[in-house]
Structure formats: structure tokens, C-alpha cells
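# Overview (structure and organization)
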Amino acid sequence: MAVPLLDLKAQYRPLQGEIRAALDRVLDSQQFILGEEVAAFEREIAGFLGGVEAIGVASGTDALLLALMALEIGEGDEVVTTPYSFFATAGAIHRVGARPVFADIDPRMFLMRPELAARAITPRTRALLPVHLFGQMAEMEPLLEIARARNLSVIEDAAQAIGATAGVAGRPEQAGTLGMIGCFSFFPSKNLGAAGDGGLVVTRDAELADRIRSLRRHGEEAAYVHTRVGLNSRLDALQAAVLRVKLPHLDRWSAARAVNAERYRRLFADAGLAGPDSPLILPETRPGARHIFHQYVIRARRRDDLLSHLRAASIGCAVYYPIPLHLQRCFAELRHQPGDFPVAENASASTLALPIYPELTVAMQEEVVRVIREFYF
Ligand SMILES: Cc1ncc(COP(=O)(O)O)c(C=O)c1O
């Protein structure tokens, strides 16, 4: 049985009528740029995230760029981030003229280690940029504490973590709402995916929110009056309309992903592929946190051979990410070498993502585990 890594058609089918009606509403209005549809989505997602200012932008990448620009981070500045993320995290820092400074990750959850982030801080550091990778939040309490002590901003890359929570001072808090600015992506494969590119910036600071709203429209303060140079980066009204249909389902979808993750744990255990001697290490969730399983990423012995075996059996799988950011050729000027961030490098060489999407069936999960078992035994 073929099992795709992701099947967006399965999500679309039951929503098709509603999504088409929402698109028709926008087409009938001919209001494509900002307007009521985007404003309504911004209100609804702000409510979902818990009373933040929400600004719809053109992509998650632009959300990061706008966050950095709003904090006036640029030439001569450093931003401490993780070497194990999607390219945009470091790309955005470089784009504004600042230097990405990497701090290695922990080997179990692949998240930036706060004590290593603290060590990477220099007098030029302006911000910490943790990534809530694969749907689980970085350790925000120590990161916020470090930032407070060193007078740094925290920008959360929550592109993969909408709806993830973690306990802060004993209370569950939403990913993206704890730092100065949170950045989200609505890339179609995300847990909340648009029908194209889309992104969101959130903040609790009203003045900063106004600055970001201005920056997303060329730094305009009033019509044709520009006090700073921004971007042209607005969430499309058509995308907002699609996202408004999907948002009420997000919690259910993320819960279904978590159920699938738990089922994999049982199936792998039954197959003799869990525990200390297993060739696999399964994903872990920090106690008290809500993991939304944007990706289900395992570590596997003989990873590349396993990938070939899975592909030959038509099981969807992928490597996120095969080259850590410090070794990307475009960052050669940072003068990093293999060995600089060994945990990230090891993750790039040993991890793979398996299908985890909400509509995955039990039979499909059994097939994934059967094919993996067949490889090892
Ligand atoms: C961690 C991370 N940061 C940033 C982005 C950029 O988002 P987008 O693709 O919407 O530009 C993505 C996703 O694609 C991501 O996974």
C-alpha cells in the first residue's frame, strides 16, 4: 500500500464547498488586498492565540523579515539562532544585513539549547531567534530569562508550531506569543495551510504592531507618505478566506496528529522497534507541553538505506534538513566547518520524517511500521 507523506486532498475534500464559497465571496467583492476578509482573519487568529495583535503578511519568510526590520536589526548586528531549521530562519537574518550566530541543539528534541544560546551572545547580539521545530516549542522560560538579563529581543520562529503550547510559570502558553514578536507560516503543508503562500506576525506591543503594519505596505504611514522603507507583503484576501474556513478545524487536526504519533509509539513498540536497543529513536514531547506534530521526525540507524527502502515501498518520507544552516554554501563567509555544531550535523545525517497528517489511517500507519520492520529484521 502506498502511503504519502502528506495528502492535502484528504483535508480539502470535506471542506471543498465551504472553501469555494469563501473564495467566491472574495471574488464577488473584488477586494483582494487587505480589507474586511484579512481583518476578520486577523481578529480570529488573534483570538485563537490569546489576545495578541496579529498582522497577516505574504509568507512566513516575510514575517521573519518584518520582525527583524521592525526591531531595526541590520548591518553590524548579530542574531542567535539554531543551525537546524528551514533555510528562511537564517536567510531572513542575513537578508536584513545582520549575522546569524548559531547555537547547537539538543539531540532529543532538536531545539536550540538555551545555555549554548547564552554562550553565543556578544556585545553585537540584538536578538534570540529560537525555532519551534517540527511542532514543539523551544525552551522559552530560560531563553526569555537570558534575553531579559542581556536586554535582547526574542523573535519566535513559530512557522511550524501554530497551536503548540508549553508551560511557562505553570501556565500553558501559545507558541509565538511569548517573545517580543512571533512569526507564523501558512505554507500549504503547515498544520494551518493556505492555498498558496501566507504568513503572520504577532506581538503584544501595540506600537510595534503599528510599525509592522506600516512595514508590510512599504513603510507607509498615511497614503503615499513613507517614514521608513518596508516591503510589499500582505496576506491575500483570498488566502485569508481559505484560512478562515480552516482555522476552526486546526485544534482537531493537530490533536489527530498527536493521536497518530502515540499510535506510532505503540506500533513501533509492538514491532520491537522502541526502547534503548532499537535502531530508531522516536520523537519526544517535553512534559507539560503540547506538540502539534507538524512533522514526525525519527532518528534512524542506516538512515539513507532506510530512506531508499521506504521509497521503494512507496512510503512517503523526507529529510528535514539534510544540510544544517551553518554549512550552506551561501553562508561561507561565516567560516563554519563540519564539526562546529555536531548535534545539528548528526541530526541532518540521521533523521527522517514519516507520514503523520490527520487523515492517515491505522492501516497506513501499520504499513509504515511493517516496511520499517522489514528493513531492520
Ligand atoms: C521554521 C520555518 N521558518 C520559516 C519558514 C518560512 O515560511 P514560508 O515558507 O511561509 O516563507 C518555514 C516554512 O516554510 C519554516 O518551516
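These numbers were taken from a predicted model, which means no experiment stands behind them. Counting restarts for each chain: residues are numbered from 1 in the order of the written sequence. Residue-level local features of this predicted model are given only where pLDDT is at least 70; pairs of side-chain atoms are given and counted only at 80 or more, and the full residue set underlies all totals for whole chains, interfaces and linings. The basis for every side-chain value is the complete set of non-hydrogen atoms in the structure, without hydrogens or water.

Let us look at the sheet that holds strand E13 (residues 296-300). At least two DSSP bridges between two strands are required for those strands to pair. Elements are defined by DSSP. Helices are runs of H or I of four residues or more, strands are runs of E of two residues or more, and each kind is numbered from the N terminus. Strands sit in the order E12-E13-E14 across an open sheet of three strands; the sheet is antiparallel. Every other strand in the sheet has two partners, leaving strand E12 (280-281) and strand E14 (351-354) as the edge strands with one partner each. As judged from the four bridges shared by E13 and E14, these two strands associate in the antiparallel manner. Across the sheet, the residue bridging to Val297 is Ala353, located in E14. By definition in these notes, contact holds between two residues if any of their heavy atoms fall within 4.5 Å. Between N-to-C directions, angles cover 0 to 180 degrees, with each direction set by a line fitted to C-alpha atoms, over the stretch in contact for helices. Packed on one face of the sheet, helix H10 (residues 250-270) meets E12, E13 and E14 and runs near 30 degrees to E13. In the packing of helix H12 (residues 342-350) onto the sheet, the strands contacted are E13 and E14, and the crossing angle to E13 comes to about 95 degrees.

Turning to the environment of Val80, a few remarks are in order. By the secondary structure assignment, Val80 is in strand E2 (residues 78-81). C-alpha of Val80 to C-alpha of Asp251: the two residues are 171 residues apart in sequence and 31 Å apart in space. If we ignore the near neighbours within four places in the chain, the residues touching Val80 are Val101, Ala103, Met112, Ala117, Ala120, Ile121, Thr125, Ala127, Leu128 and Leu129.

Time to look at helix H9 (residues 237-246). Counting buried positions along H9 yields eight of ten residues, so the element is predominantly enclosed. Any residue under 20% of the maximum accessible area for its type is buried, any over 50% is exposed, and the rest in between are partly exposed; the area is computed with a 1.4 Å probe on protein chains only. Buried residues of H9: Ala237, Gln239, Ala240, Ala241, Val242, Leu243, Val245 and Lys246, and no others. Of the surrounding secondary structure, the elements contacted by the buried residues of H9 are helix H1 (8-12), helix H2 (16-29), helix H3 (36-49) and H10.

It is worth spelling out the packing of helix H4 (residues 60-70) against helix H8 (residues 206-215) at this point. Following both chains from N to C, one finds H4 and H8 inclined at 120 degrees, their axes separated by 10 Å at the closest point. Comparing their axes, H8 and H4 come out oblique. Relative to H8, the crossing made by H4 is right-handed. Here Leu66, Met69 and Ala70 of H4 lie close against H8, whose contacting residues are Leu208, Arg211, Ile212 and Leu215. Each residue gets one label: Ala, Val, Leu, Ile, Met, Phe, Trp, Tyr, Cys and Pro are nonpolar, Asp, Glu, Lys and Arg are charged, and the others, such as Gly, are polar. When its residues are assigned to classes, the contact of H4 with H8 shows six nonpolar, no polar and one charged. By definition in this entry, angles of less than 35 degrees are roughly parallel, angles greater than 145 are roughly antiparallel, angles of 65 to 115 are roughly perpendicular, and the rest are oblique. In a left-handed crossing the near helix is turned counterclockwise from the far helix by less than a right angle, and in a right-handed crossing that turn is clockwise.

It is worth spelling out the site of the ligand at this point. In these notes, residues near a molecule or strand are those with any non-hydrogen atom within 4 Å of it. In the neighbourhood of the ligand, 16 residues make up the surrounding shell, with Gly60, Thr61, Asp157, Ser185 and Lys190 lying closest. Definition of a polar contact: a pair of N or O atoms within 3.5 Å, with one able to donate and the other able to accept a hydrogen when the atoms are protein atoms, and with sequence-neighbouring residues admitted only if both atoms are side-chain atoms. At 2.7 Å, a side-chain N or O of Asp157 approaches a nitrogen atom of the ligand. Contacts to the ligand include Gln160, whose side-chain N or O atom sits 2.8 Å from an oxygen atom. Accessible surface is estimated by sampling points in the Shrake-Rupley manner with a 1.4 Å probe; for residues, cover comes only from the protein chains shown. Its free accessible area being 380 Å², the ligand has 93% of it covered by the protein chains. For the shell around the ligand, the secondary structure elements donating two or more residues are H4 and helix H5 (88-95). The element contributing the most residues to the shell around the ligand is H4, with three residues. A breakdown of the residues in the shell around the ligand according to their chemical character gives six nonpolar, eight polar and two charged.

Ring pairs are drawn from Phe, Tyr and Trp, using the six-membered ring of Trp, whenever the two centres fall within 6.5 Å, and their geometry is named by plane angle: stacked under 30 degrees, edge-to-face over 60, tilted for the rest. In the structure shown here, the tally under the stated rule is 13 aromatic pairs. Pairing Phe293 with Tyr296 gives two aromatic rings, centres 6.1 Å apart and planes at 35 degrees, and the pair type is tilted. Each of the two residues, Phe293 as well as Tyr296, counts as buried.

On to the side chain of Thr89. Along the chain, Thr89 turns up in helix H5. Judged by relative accessible area, Thr89 falls into the buried class, the value being 1%. At 2.8 Å, the side chain of Thr89 forms a polar contact with the side chain of Asp157.

Another aspect to go through is the packing of H3 against H9. Running from N to C, H3 and H9 point in directions that differ by 40 degrees, and their axes come no closer than 8 Å. As summarised for this structure, H3 and H9 are arranged oblique, according to the angle between their axes. Taken as a pair, H3 and H9 cross one another with a handedness that is left-handed. Across the interface between the two elements, Glu37, Val38, Ala40, Phe41 and Glu44 from H3 touch Ala237, Ala240, Ala241, Leu243 and Arg244 from H9.

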